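# A structural walkthrough
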Amino acid sequence: MSTSDGKESDPIMESWRKKARAEYMRLRQLKRFKRADEIKSSFAANRRHINNALEQHNSWWMSQKIQPLHAPETFSHVPVTRKCEVKSGTKFGTQAGPLRMMNAVQAAPTMYTWSPLQQNYMVEDETVLHNIPYMGDDILDQDGAFIEELIKNYDGKVHGEREGGNIEDDIFVDLVNALVLIVPEMEKELGINIKVEPGVSMETVPSVIFETIASMFPDKGKADELKEKYSDLTEARDPASLPPECTPSIDGPGAKSVAREQTMHSFHTLFCRRCFKYDCFLHPYHPTPSMLTRKAPDVKQELIPCGQDCYMIYDETSISEKSERGSKISPRTGKKRKHSSHGHPTSGEDTEKSNGATDSSSVLKMPELTPEWSGAECSLFRVLHEVFYNNYCAVSSLLRTKTCKQVYDFALKEAKHIPELECNKERTPPRKKKKKLRMWSMHCRKIQLKKDNTSNHVYNYQPCDHPGQRCEETCPCIMAHNFCEKFCQCNPDCQNRFPGCRCKAQCNTKQCPCFLAVRECDPDLCGTCGADQFDTKKISCKNVGVQRGLRKHLLLAPSDVAGWGIFLMDPAEKNEFISEYCGEIISQDEADRRGKVYDKYMCSFLFNLNNDFVVDATRKGNKIRFANHSINPNCYAKVMMVNGDHRIGIFAKRSIQAGEELFFDYRYGPTEQLKFVGIERHMDIA
């Protein structure tokens, strides 16, 4: 805050805090009253609906005839212990009937709510405790320090609206607006002139307001961050407003003429280059140097005109060069061509077929050519120019609404906004000649040495991207003891690049380099083992089960050991893939916080993926999460590298018959062994 003399004053700031605290409490109270009123009105509306439905139902019953009470024949074998009277409460008379006592039925095991998944789901860390878990009054009375320790693990951050904690966005905006209204009152009370700086919305907001809120809620950020957040929240309330880097439409009549970066923003930020799909929830977007630096297009320049309206015919330079060579301007193909009225070349054979055909739907209808450039066409040209550069024939054929000459004329106008090709060429290193194929025996030996020298630590893979440098000691892949994958930006001839296998068998032994390196065969690298087959029925490779989803049919039923269990519907051979263990991918710190709660519940679905992440199937997962622990299991789990991602596969340890329950070793420690496996060990000894 700045006063008239430009100095800070603690008493003045304390006065602002008192006002802000009072306004904050008032807004909280209003929100609570509003919420309570909404609940009351909703409850009253639901009660009226229930009463109306009940009256209609009773009216229907009153109009029905009296139905005698019949004893069901299903329970005729159960002896009658006594008789009972049945009163309807309406005009029906009292009826008597036999009372039979049923035998106790075993209750279904307890199951907590979970969402089904078919692949892993990356989630962020929960830095705020959203709710206090309830595990019964007895546990809370016996171990009261558990809740205190749990809150301490989240640094005291609990979901709510208390001061010093977290403030919701809507209250934050209302608080700023309320403090703006009392600025004149504060000036009279303090006897100072508060400098008002240009605000971030339609009105002016003094910086002292954001400094006051930052001192009350330090976790919300500094004053500058709060100012920017207020700007974003106020602009977000306008449904017509969009971020400046986004464009509302890239086609249609309302499309705007924008730069290439703005047109391709959603593609660059939402499209995953590893999954080849939009809005990937497994690989967060992180811009790398290679993404920010576009490579120069490598397109062969056409030297022959594409038609009557080709820019080469009207270009004086092209005409002079062709006249010197004595060449006659003609279409670029040797076939006889006829040109349509729009200037696009069509073959004579196709034209004759279209004239003789009776079905007009077989002829491709060309869009009407217009001299004006719409916003969508301008934006699309800037995108295509980065791919085809000055190949205006190719750009025209893709636009389909402009001739080659029109594209060329528009490119001349855009020349001052288009960077020169030579500048981009300097960033692109020259291509190297491919080296001879390595000896696969030496490569397998290298994998074995790397596997022996590497400790038990397995680190998450991140594609390396260091332009102009080789993959040496500073390469992220080498530092993490990982191979360079096809997603890395290093040279394809990198010595650390995994080349795949050349097997002609089923790739289920250590003779296969991929199997030896505990990774599945890559369909882009392994072309001889059958991993690249599109049809799953034709796949001969046995090392692609996780990525192709070749799982077994599993059945969920009460377990013979404890709780629920998972059973195999079809038989499985030894080392055959059964299912992938899926769930939320969380960090190790988040797993420690969740694990303390799961230990109290005596139920945990955490599975270590690598040194960086853990798979948690508690909230989200698939049916294999119900496989119980055993010291003599019939399945085993294996963490494998599958197309750049660590994934957990469950395989058969021996031949398993249909209907058998599945078990695998949870790898408990000594303490957990005594706690969870005591019954099973006692049964085995007996």
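Predicted, not measured: the structure shown is a model, and the values here were computed from it.

### A few points about the overall build of the protein
Of the regular secondary structure elements, the protein holds 24 helices and 18 strands. Sequence separation of at least 24 residues holds for 65% of the intrachain contacts in the protein that already meet a minimum separation of 6. Surface summary for the protein: the accessible area is close to 43800 Å², and the carbon and sulfur share equals 53%.

### Here we look at the packing of aromatic side chains
Summed over the entire model, instances satisfying the criterion amount to 20 aromatic pairs. For the ring pair Phe172 and Tyr230, a centre distance of 6.4 Å and an interplane angle of 85° mean the geometry is edge-to-face. One end of the pair, Phe172, is in helix 4 (residues 169-181); the other, Tyr230, is in helix 7 (residues 223-236), with 58 residues separating them in the sequence. Across the pair, exposure class does not vary: Phe172 and Tyr230 are buried alike. Taking 5.2 Å as the distance between ring centres and 55° as the angle between the ring planes, the aromatic pair formed by Phe664 and Tyr666 counts as tilted. Residue Tyr666 is classed as partly exposed on the basis of its relative accessible area, which comes to 29%.

### Overview of helix 1 (residues 10-62)
A rise of 1.5 Å per residue sets the reference length of helix 1, with its 53 residues, at 78 Å; its end C-alpha atoms lie 77 Å apart and thus fit the reference within 8%. If you check which residues of helix 1 are buried, you get Ile12, Met13, Ser15, Trp16, Ala20, Glu23, Tyr24, Leu27 and Arg28. Packed against the buried residues of helix 1 are helix 4, helix 5 (183-190) and helix 6 (207-216).

### Some points on the nonpolar core
Grouped together as the largest cluster of nonpolar side chains are 28 residues, with contacts concentrated most on Ile578, Tyr581, Ile624, Leu662 and Phe664. Every element with two or more residues in this core is listed here: strand 10 (564-568), strand 14 (613-621), strand 16 (635-642) and strand 17 (645-652). Setting aside chain neighbours within four positions, we find Ile578 in contact with Arg551, Lys552, Leu554, Leu568, Cys635, Ile650, Phe651, Ala652, Ile656 and Leu662. In terms of nonpolar packing, the next biggest core, distinct from the first, is built from 27 residues, Ile167, Ile171, Ile182 and Ala214 among them.

### Some details on helix 6
Where burial is concerned, most of helix 6 is hidden: 8 out of the 10 residues are buried. Those residues of helix 6 that fall on the buried side of the exposure criterion are Ser207, Val208, Ile209, Phe210, Thr212, Ile213, Ala214 and Met216.

### Quick notes on the pairing of strand 17
Sheet faces and side chains relate simply in a regular strand, where the side chains alternate between the two faces. The buried fraction of strand 17 amounts to 8 of the 8 residues, a majority that puts the element mostly inside the structure. Along strand 17, one buried face is formed by Asp645, Arg647, Gly649 and Phe651 and the opposite face, lined by His646, Ile648, Ile650 and Ala652, is buried too. Bridge analysis of strand 11 (residues 577-580) against strand 17 gives 3 bridges, and the strand direction is antiparallel. Paired with Ser579 across the strands is Ile650, a residue of strand 17. Here strand 16 runs beside strand 17; their pairing, made up of 8 bridges, is antiparallel. If you follow Met640 over to strand 17, its bridge partner there is Arg647.

### Brief notes about the packing of helix 1 against helix 4
Where helix 1 meets helix 4, the axes come as close as 10 Å, and the angle between the chain directions of the two elements is 130°. Taken together, the axes of helix 1 and helix 4 lie oblique to each other. As helix 1 packs across helix 4, the resulting crossing turns out to be right-handed. For the pair helix 1 and helix 4, contact is made by Trp16, Lys19, Ala20, Glu23, Tyr24, Arg26, Leu27, Arg28 and Lys31 and by Asp170, Ile171, Asp174, Leu175, Ala178 and Leu179, respectively. When grouped by side-chain class, the residues that make up the contact of helix 1 with helix 4 number 8 nonpolar, no polar and 7 charged.

### A closer look at a negative patch on the surface
Taken together, Glu124, Asp125, Asp589 and Asp592 make up a surface patch of like negative charges. Of note, Asp592 is situated in helix 22 (residues 588-601).

### Looking at the side chain of Asp645
Relative to the helices and strands, Asp645 is located in strand 17. Judged by its relative accessible area of 17%, Asp645 is buried. At 2.8 Å, the side chain of Asp645 and the side chain of Arg274 are in polar contact. Apart from the residues within four sequence positions on either side, Asp645 is in contact with Arg274, Leu282, His283 and Met640.

### Quick notes on the pattern of salt bridges
Taken as a whole and assessed by the stated rule, the structure comprises 21 salt bridges. Arg647 is paired through a salt bridge with Glu580; the nearest N and O atoms lie 2.9 Å apart. Here Glu580 lies in strand 11 and Arg647 lies in strand 17, a separation of 67 residues in the sequence. Salt bridges linked by common partners bring Glu126, Glu584, Glu590, Arg593, Arg594, Asp616, Arg619 and Lys620 together as one network.

### What about the environment of Val258?
Its location among the elements puts Val258 in the loop between helix 7 and helix 8 (260-263). Residue Val258 is classed as buried on the basis of its relative accessible area, which comes to 11%. When the C-alpha positions of Val258 and Ala376 are compared, they lie 8.7 Å apart, and in sequence the two are 118 residues distant. The contacts of Val258, once residues within four sequence positions are left out, are Thr247, Thr263, Ser379 and Arg382.

### Comments concerning the packing of helix 1 against helix 6
Look at helix 1 against helix 6: their axes get within 10 Å of each other, and the N-to-C directions meet at 75°. When the interaxial angle is binned, helix 1 and helix 6 end up roughly perpendicular. Contacts between helix 1 and helix 6 involve Met13, Trp16, Arg17, Ala20 and Arg21 on the former and, on the latter, Val208, Ile209, Glu211, Thr212, Ser215 and Met216. In terms of residue class, the contact of helix 1 with helix 6 is built from 6 nonpolar, 2 polar and 3 charged.

### Description of the confidence of the model for the protein
Averaged over every residue, the pLDDT of the protein is 76; residues scoring 70 or more account for 71%. Ignoring residues within four places in sequence, the model shows residues 198-202, a span with pLDDT below 50, making 8 contacts including any to other chains. Per-residue pLDDT stays below 50 along residues 421-439; that stretch engages in 21 contacts with residues further than four places along the chain or on separate chains.

### Notes on unusual backbone geometry
Look at Asp279: it is not a glycine, yet its phi comes out positive at around 55°. Looking at the secondary structure, you find Asp279 in the loop between strand 6 (277-278) and helix 10 (289-292). The backbone of Arg400 shows a phi angle near 70°, a positive value even though the residue is not glycine. Relative to the helices and strands, Arg400 resides in the loop between helix 15 (392-399) and helix 16 (404-413). The exposure class assigned to Arg400 is partly exposed, which follows from its relative accessible area of 31%.

### Quick notes on the side chain of Thr401
Locating Thr401 in the fold gives a position in the loop between helix 15 and helix 16. Taking relative accessible area as the criterion, Thr401 reaches 17% and is therefore assigned buried. Of the polar contacts made by the side chain of Thr401, one reaches the side chain of Glu377; its length is 2.7 Å.

### Quick look at the environment of Ile656
Tracing the chain through its elements places Ile656 in the loop between strand 17 and strand 18 (663-664). Ile656 sits in the buried class, given a relative accessible area of 1%. Along the backbone, Ile656 and Ala572 are 84 residues apart, and their C-alpha atoms lie at a distance of 5.2 Å.

Reading the values: rules and limits
Residue indices begin from 1 for each chain and proceed along its sequence in written order. Local features in this predicted model are restricted to residues of pLDDT 70 or higher, and side-chain atom pairs are both shown and tallied only at a pLDDT of 80 or more, whereas totals for entire chains, interfaces and linings draw on every residue. Heavy atoms from the whole structure form the basis of all side-chain values; hydrogens and water molecules are not counted. Segments assigned H or I by DSSP are reported as helices when at least four residues long, segments assigned E as strands when at least two residues long, and all are numbered from the N terminus. The contact criterion used is simple: two residues touch if any of their non-hydrogen atoms lie within 4.5 Å. Areas reported as accessible are Shrake-Rupley estimates using a 1.4 Å probe. Residue values count occlusion only from the protein chains shown. Only rings of Phe, Tyr and Trp enter the pairing, Trp through its six-membered ring, and a pair is recorded when the two centres are within 6.5 Å. The plane angle decides the type: under 30 degrees is stacked, over 60 is edge-to-face, the rest tilted. Per-residue accessibility, obtained with a 1.4 Å probe over protein chains only, is compared with the maximum for each type, and a residue is labelled buried under 20%, exposed over 50%, and partly exposed between these values. The span you would expect from a helix comes to 1.5 Å times its residue count less one. Joining through side-chain atoms within 4.5 Å is the link that ties buried Ala, Val, Leu, Ile, Met, Phe, Trp, Tyr and Cys residues into a set, and such a set is a nonpolar core. We call two strands paired when DSSP finds no fewer than two bridges between them. Orientation is described by axes fitted as lines to C-alpha atoms, over the contacting stretch for helices, and by angles from 0 to 180 degrees between their N-to-C directions. Here the word oblique covers every angle except those under 35 degrees (roughly parallel), over 145 (roughly antiparallel) and from 65 to 115 (roughly perpendicular). We call a crossing left-handed when the near helix sits turned anticlockwise from the far one by less than a right angle, and right-handed when that turn is clockwise. Each residue receives one of three labels: charged for Asp, Glu, Lys and Arg, nonpolar for Ala, Val, Leu, Ile, Met, Phe, Trp, Tyr, Cys and Pro, and polar for the others, Gly being one of them. Patches here: salt-bridge-free residues with over 30% relative accessible area, like charges joined within 9 Å, nonpolar side chains (Val, Leu, Ile, Met, Phe, Trp, Tyr) joined within 5 Å. Any carboxyl oxygen of Asp or Glu that lies within 4 Å of a side-chain nitrogen of Lys or Arg is treated as forming a salt bridge with it. Charge counting treats Lys and Arg as positive and Asp and Glu as negative, with His and both chain ends excluded. To locate a charge, take NZ of a lysine, CZ of an arginine, CG of an aspartate or CD of a glutamate. As used in this structure description, the phrase polar contact means that two N or O atoms lie within 3.5 Å; if the pair is within protein, one of them must be able to donate a hydrogen and the other to accept it, and residues adjacent in sequence are counted only when both atoms belong to side chains. Every residue gets a pLDDT, meaning the predictor's confidence in that residue, from 0 to 100.

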